[in-house]
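# Notes for the structure review
As a plain string of letters, each chain reads:
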Amino acid sequence: MKLVCSQAELNAALQLVSRAVASRPTHPVLANVLLTADAGTGRLSLTGFDLNLGIQTSLAASVDSSGAVTLPARLLGEIVSRLSNESPVTLASDEAGEQVELTSLSGSYQMRGMPADEFPELPLVENGTALRLDSAALVRALRATLFASSGDEAKQLLTGVHLRFEGRHLEAASTDGHRLAVLAVPDALQEDQDELAVTLPARSLREVERLVAGWKGDDPVTLFYDRGQVVVLAADQMVTSRTLEGTYPNYRQLIPESFSRVLELDRRGFIAALERVAVLADQHNNVVRIASDPSSGLVQISADVQDVGSGSESLPAELSGEAVQIAFNVRYVLDGLKAMEGDRIRLRCNAPTTPAVLSAADDESSFTYLVMPVQIRN
């Protein structure tokens, strides 16, 4: 294998695929990146794969001789990132594919690789279901839900985002047991689709979101699904992921059908006030109290941290229902507010101990964010 390519493009490709390289590999080759040069197409393909998540991308290259080799991802990435971007990079391997020389304007480096045939093949979906998704709709759905997935591996199904497709409609949902984020996107699919539901690891979907968000163009993203495996194709980049097996919780039944109290506030003002009070709340347990006073038309946000101090902020609000005082983990509330769009939001609740729902005031149906309150002792 011998080729010449751009340092900047090679560096960007390595950074992308290295996110799918195992940090603690079960086999030495899984710590490597697969490089495949094709003289026919004039492209260099790079692949990272940890047996759960796979990322593949390609870049233009002047390929003298085709071939494939695997190289240590971390070492290669650190060398390439430090090379001058004013000089092209030459990669050449011996016939056995075990010794690779990397040459730039400033010098040359030799690395020991491993044969390409030891690298596991990326799973491809050859039969299964193919969906064409609007790229902006997919990014919006992922940004609105990824943050609420669980980081607890013991609750494996909750470490993912549940995607449900039907007709041209996409619904994305995630929960960690303390909060629930649901976004409905009406025209996400390019063609009508029979009902299909799949839960994918948040780690994989973060790579999909990053890939599609940085993609210049508005062509649709293609998602292939078949028996526990999903492949997402966008331009010349591909992400493969295993699905999470099991029945995702029936999250719709968690959302109350009606509310006795509604607080409507300016979203940005609410975020700013919460972030100021959070400086104190973060010193102990992240708990803030939100109290409504219908007689004054104000909402008070406060934190009282023993042996540290206390603080409060007041905001004008449109209030309906009786006064209420309810407490939350401030980080959960802020996460939801920042995922929303629109100038005004509604916080709806029934009692200090029952779930509260945050949504945009002008569009309560598309994004729903449910937060469990924290019980407080007066």
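Refer to the preceding data block for the structure.
Described in the following lines is the structure provided in the data block. The structure displayed is predicted, hence computed values, not measured ones. (Residues numbered from 1 in each chain as written. Predicted model: local features only at pLDDT ≥ 70, side-chain atom pairs only at ≥ 80, totals over all residues. Heavy atoms only, no water.)

## Remarks on the overall build of the chain
Selection criterion: Comment: elements are numbered from the N terminus, with helices defined as DSSP H or I runs of at least four residues and strands as E runs of at least two. Relative accessibility under 20% of the residue-type maximum defines a buried residue, over 50% an exposed one, and the middle range a partly exposed one, all with a 1.4 Å probe and only protein chains included. Surface accessibility in these figures is a Shrake-Rupley result with a 1.4 Å probe; residues are shielded only by whichever protein chains are displayed. His residues and chain termini do not enter the charge count, which takes Lys and Arg as positive and Asp and Glu as negative. Just so you know, the charge point we use is NZ for Lys, CZ for Arg, CG for Asp and CD for Glu.
Looking only at helices and strands, the chain has 6 helices and 27 strands in total. Each principal axis of the C-alpha atoms in the chain carries an extent, and together these give about 80 × 50 × 35 Å. Counting the 378 residues in the chain, one finds 49% classified as buried. Element-wise, carbon and sulfur atoms account for 45% of the exposed surface of the chain, whose accessible area totals about 18000 Å². If the 32 positive side-chain charges of the chain are averaged to one point and the 49 negative ones to another, these points end up 5 Å apart.

## Observations concerning the environment of alanine 116
Put simply, the rule reads: By definition, residues are in contact when any of their heavy atoms lie within 4.5 Å.
Take alanine 116: it is sitting in the loop between β10 (114-115) and β11 (129-133). In this structure alanine 116 comes out as partly exposed when scored by relative accessible area, which is 22%. C-alpha separation for the pair alanine 116 and aspartate 94, spaced 22 residues apart in sequence, amounts to 13 Å. With residues up to four places along the chain from it excluded, the contact list for alanine 116 reads Leu34, Ala68, Val69 and Thr70.

## Focus on the packing of helix α1 (residues 7-17) against helix α2 (residues 73-82)
Two measures define how a pair of helices packs: the angle their axes make with one another and the distance between the axes. Note the threshold: Axis angles are defined between N-to-C directions and span 0 to 180 degrees, where every axis is a line fitted to C-alpha atoms and, for a helix, only to the segment in contact. Handedness of each helix crossing follows the sense of rotation of the near helix against the far helix: counterclockwise by less than a right angle gives left-handed, clockwise gives right-handed. All residues other than Ala, Val, Leu, Ile, Met, Phe, Trp, Tyr, Cys, Pro, Asp, Glu, Lys and Arg, Gly among them, are scored as polar; the first ten of these are nonpolar and the last four charged.
One way to put it is that α1 packs onto α2 with a least axis distance of 9 Å and a crossing angle of 145 degrees. Both α1 and α2 take part in a crossing whose hand is left-handed. Facing Gln7, Leu10, Asn11 and Leu14 of α1, the residues of α2 in contact are Leu76, Gly77, Val80 and Ser81. Broken down by class, the residue content of the contact of α1 with α2 amounts to 4 nonpolar, 4 polar and no charged.

## Comments concerning the side chain of serine 204
As for its placement among the helices and strands, serine 204 is situated in helix α4 (residues 202-213). The exposure class of serine 204 is buried, given its relative accessible area of 5%. With sequence-adjacent residues up to four places away left out, serine 204 is seen in contact with Leu53, Val239 and Ser241.

## What about the sheet that holds strand β15 (residues 193-201)?
Convention followed: Any two strands with at least two DSSP bridges between them are considered paired.
Read from one edge to the other, the open sheet built from 9 strands follows the order β15-β12-β13-β14-β27-β26-β25-β19-β23, with strand pairing classed as antiparallel. The strands lining the two open edges of the sheet, one partner per strand, are β15 and β23 (318-320). Looking at each pair of strands side by side, their axes are set apart by 15 degrees on average, direction ignored. Pairing of strand β19 (residues 261-266) with β23 involves 3 bridges; the strand directions are antiparallel. The partner of valine 262 across the bridge, within β23, is serine 320. Packed onto the sheet, α4 meets β12 (160-167) and β15 and runs at close to 110 degrees relative to β15. Running at roughly 175 degrees to strand β27 (residues 367-371), helix α6 (residues 330-339) makes contact with β14 (179-185), β25 (344-349), β26 (356-360) and β27 of the sheet.

## Considerations on the sheet that holds strand β20 (residues 287-293)
Taken together, 4 strands build an open sheet; the order of strands is β22-β21-β20-β24 and the sheet is antiparallel. Either end of the sheet is taken by a strand with one partner, and the two such strands are β22 (309-316) and β24 (325-329). For this sheet the average axis-to-axis angle between neighbouring strands, irrespective of direction, equals 20 degrees. Judged from the 5 bridges that link them, β20 and β24 form a sheet pairing that is antiparallel. The residue bridging valine 288 from the neighbouring strand is phenylalanine 328, located in β24. Across the sheet, α6 is in contact with β20 and β24; its angle to β24 comes to roughly 85 degrees.

## Some remarks on unusual backbone geometry
Positive phi outside glycine occurs at asparagine 286, with the angle close to 70 degrees. When you line up the elements, asparagine 286 lands in the loop between α5 (267-281) and β20. The partly exposed category is assigned to asparagine 286, whose relative accessible area is 22%.

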